[in-house]
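Overview (structure and organization)
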Amino acid sequence: MFSERVISGMRPTGSLHLGHYHGVLKNWLRLQSEYPCFFFVADWHALTTHYDRPELIEESVWEMVIDWLAAGVDPTQATLFIQSKVPEHAELFLLLSMGTPLGWLERVPTYKDQIEKLKEKDLQTYGFLGYPLLQAADILIYRAQHVPVGEDQVPHVEMTREVARRFNHLYGKEIGFEEKALEAAKKLGGKRTKLYLEARVAFQEQGDEEALAQAQAIVHEAQSLSMGDRERLFGYLEGARKLILVEPQALLTESSRMPGLDGQKMSKSYGNTIGLRESAESITKKVKTMPTDPARIRRTDPGHPKNCPVWELHAVYSDQETKQWVQAGCISAGIGCLDCKEPLIKSILKEQQPMLERAQKYIDDPSLLRALIADGCDKARKTAQETMRDVREAMGLDYS
Ligand code: TRP
Ligand code: SF4
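The rules behind the values
Residues numbered from 1 in each chain as written. Chains lettered and ligands numbered in written order. Predicted model: local features only at pLDDT ≥ 70, side-chain atom pairs only at ≥ 80, totals over all residues. Heavy atoms only, no water. Near = heavy atom within 4 Å. Polar contact = N/O pair within 3.5 Å; in protein donor to acceptor, adjacent residues only side chain to side chain. Areas by Shrake-Rupley, 256 points an atom, 1.4 Å probe, with all protein chains shown as cover. Helix = DSSP H or I, 4+ residues; strand = E, 2+ residues; numbered from the N terminus. Buried < 20%, exposed > 50% of the residue type's maximum accessible area, 1.4 Å probe, protein only. Lys, Arg positive; Asp, Glu negative; His and termini not counted. Salt bridge = Lys/Arg side-chain N within 4 Å of Asp/Glu carboxyl O. Contact = heavy atoms within 4.5 Å. Patch = residues over 30% accessible without salt bridge, like charges linked within 9 Å, V, L, I, M, F, W, Y side chains within 5 Å. Charge placed at Lys NZ, Arg CZ, Asp CG, Glu CD. Disulfide = S-S within 2.5 Å. Core = buried A, V, L, I, M, F, W, Y, C linked by side-chain atoms within 4.5 Å. Domains from an automatic or database assignment. Axes fitted to C-alpha atoms, helices over the stretch in contact; angles between N-to-C directions. Parallel < 35°, antiparallel > 145°, perpendicular 65-115°, else oblique. Left-handed = near helix turned anticlockwise from the far one by under 90°. Nonpolar A, V, L, I, M, F, W, Y, C, P; charged D, E, K, R; others polar. Pairing = 2+ DSSP bridges. Arc of directions from axis to C-beta.

Description of the site of ligand 1
Around ligand 1, the surrounding shell holds 13 residues, and the nearest of these are R11, Y131, Q135, D138 and Q153. For ligand 1, a nitrogen atom lies 2.7 Å from a polar atom in the side chain of Y131. A distance of 3.1 Å separates a nitrogen atom of ligand 1 from a polar atom in the side chain of Q135. Across the complex, the protein chains shield 91% of the 360 Å² of accessible surface that ligand 1 would expose by itself. For the shell around ligand 1, the secondary-structure elements that each account for two or more residues are β1 (6-10), α8 (131-140) and β4 (146-149).

Structural data, given as structure tokens:
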């Protein structure tokens, strides 16, 4: 019924690094050519944890969009926008909040985790508890089927599905459906009406499949029913609802674990990152000072790549030939660690070159960036407004 849309958001809390590129953005690049994609800056989500530092968010918003564009996200293919510029997200969030049990939010694993982990922040707030529901609104408002996310976000998408299901259940009824269905049942005539209604109860209350089949047969056999009545009677048996919100699926970003400078996963909180647009000088220095196999104290000491974080980066960046050269040279002490790092530095800088070129255009002319986002916001807003019209109507809020 709805075209297969993709939606994903990213919180603007600092500049992006190669972990984001290899883990998330490369996936976006693939998706943008396959589906209509909506990628947005989740600035409200950033505020749930950084409400005391809005200036950090403001700064990061534009830098992050430049990082996306640098990576190759194409604004002529994907719709790029900022969450807070589409206030309909907030309206849907509010309406969904009415019927969302508190327990659903308290049970999301990230909730207690993050409160524990970010002890220095007071996250005992209404906004932070609502984080996954705001995310549900982000997704549902575009009636998106696919949500590319990392593993940690899967429970949020799961909850989004429950929220959609509950919404459709509560509000997805045709107005006067029940009365119309009963009218239609009467038209079956006498004994068959009674059989139909009894079978319906038996199915809905006891899950009696045989009764369901029997009732369906009665509807099939009825000659004089209109198409509308026939549909209604089939629907009434199984408790049919109108689909207003679409249940999305998580599209798992295969956990391509990008190693950082110390061999742990690359992450800002470990301080082991290489920035997407970091200067060549700084990247070179960072790689040159990376720790290596501790067994190689002197140049003449042999080592083993499996004990070395540099090797993990070779696994991402180097071709077969280079990798064999590293293996052989390390084990035999035939090469030094600085020699070993040389082709790695080259590859990282080579990967970065086209990114810097793409970014430059927007750095030179920020109005280009503003215009492209304004455009994306308009487009996103149109889609969001369509959904909100249906949502308001379903909830009886379209007073006119
Ligand atoms: N919570 C997501 C994250 O931290 C960001 C996000 C907000 C998001 N809204 C979304 C992701 C909607 C996908 C869809 O990564
Ligand atoms: Fe690591 Fe390369 Fe040095 Fe071996 S030669 S320890 S793989 S940096």
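With respect to the side chain of K323
Mapping K323 onto the fold places it in helix α16 (residues 320-331). D319 provides the closest opposite charge to the buried, unpaired K323, separated from it by 7.7 Å. Excluding residues that lie within four positions of it along the chain, K323 makes contacts with W311, H314, A315 and S318.

What about a negative patch on the surface?
A contiguous patch of negative charge on the surface is contributed by D208, E209, E210 and E238. With respect to the helices, strands and loops of the structure, E238 is situated in helix α13 (residues 227-238).

Quick notes on the pattern of salt bridges
Opposite charge on two side chains makes pairing possible when the charged atoms of those side chains draw close. Inspection of every chain in the model, using the stated rule, returns 17 salt bridges. Across the salt bridge formed by R143 and D390, the nearest N and O atoms sit 2.9 Å from each other. Of this pair, R143 sits in the loop between α8 and β4 while D390 sits in helix α18 (residues 366-394); the two residues are 247 residues apart in sequence, bridging distant segments of the chain. For R143, a relative accessible area of 7% gives the class buried.

Notes on the state of the cysteines
Per the counting criterion, the structure on display carries zero disulfides. Considering cysteine sulfurs only, C377 is the nearest to C37, which forms no disulfide, with 17 Å between them.

Notes on the nonpolar core
Judged by nonpolar contacts, the single largest core of 90 residues is most densely connected at L25 and W68. Looking at which element gives the most residues to this core, the answer is helix α3 (residues 54-71), with nine residues. When residues of this core are assigned to domains, at least three fall in each of domain 1 (6-172 + 365-395) and domain 3 (278-363). The next biggest cluster of nonpolar side chains, apart from the first, holds 20 residues, and it includes F177, A184, Y196 and L225.

Details of the environment of L56
For L56, the location among the structural elements is in helix α3. Each C-alpha atom of the pair L56 and A78 lies 26 Å from the other, and the pair is 22 residues apart in sequence. Beyond its immediate sequence surroundings of up to four residues, L56 is in contact with P12, T13 and H50.

Structural notes on the packing of helix α2 (residues 43-50) against α3
As a packed pair, α2 and α3 sit with axes 9 Å apart at the nearest point and diverge in direction by 150 degrees. The pairing of α2 with α3 is recorded here as roughly antiparallel in orientation. Helix-helix and strand crossings are classified by hand; for α2 and α3 the assignment is right-handed. Seen from α2, the contacting residues are D43, A46, L47 and H50; seen from α3, they are P54, L56 and I57. For the contact of α2 with α3, the per-class residue count stands at five nonpolar, one polar and one charged.

Structural notes on unusual backbone geometry
Even without glycine at this site, R143 takes up a positive phi of about 45 degrees. For A333, which is not a glycine, the phi torsion comes out positive at approximately 55 degrees. You can call A333 buried: its relative accessible area is 13%.

Thoughts on the side chain of H45
Structurally, H45 can be placed in helix α2. Once you skip the residues sitting within four places of it in the chain, H45 turns out to touch R11, Q83, Y131, L134, Q135 and D138.

Overview of the environment of L368
Examined against the element boundaries, L368 turns out to sit in helix α18. Along the chain, L368 and S318 lie 50 residues apart, while their C-alpha atoms are 36 Å from each other. Once you skip the residues sitting within four places of it in the chain, L368 turns out to touch K361 and Y362.

Some points on the pairing of strand β2 (residues 37-41)
Of all five residues that make up β2, five are buried, and the element is covered over most of its length. Of the two faces of β2, both are covered, the one formed by C37, F39 and V41 as well as the one formed by F38 and F40. One ladder, built from five bridges, connects β1 with β2; its direction is parallel. Considered in β2, the bridge of I7 is made with F38.

Observations concerning α8
By the criterion of burial, α8 is predominantly enclosed, with ten of the ten residues buried. Within α8, burial applies to Y131, P132, L133, L134, Q135, A136, A137, D138, I139 and L140.

Quick word on helix α4 (residues 88-99)
Within the sequence span of α4, burial applies to E88, H89, L92, L95 and L96. An end-on view of α4 places all buried positions within 135 degrees of arc, on one side of the element. At its buried positions, α4 is contacted by α2, β3 (79-82), α8, α9 (154-171) and α18.

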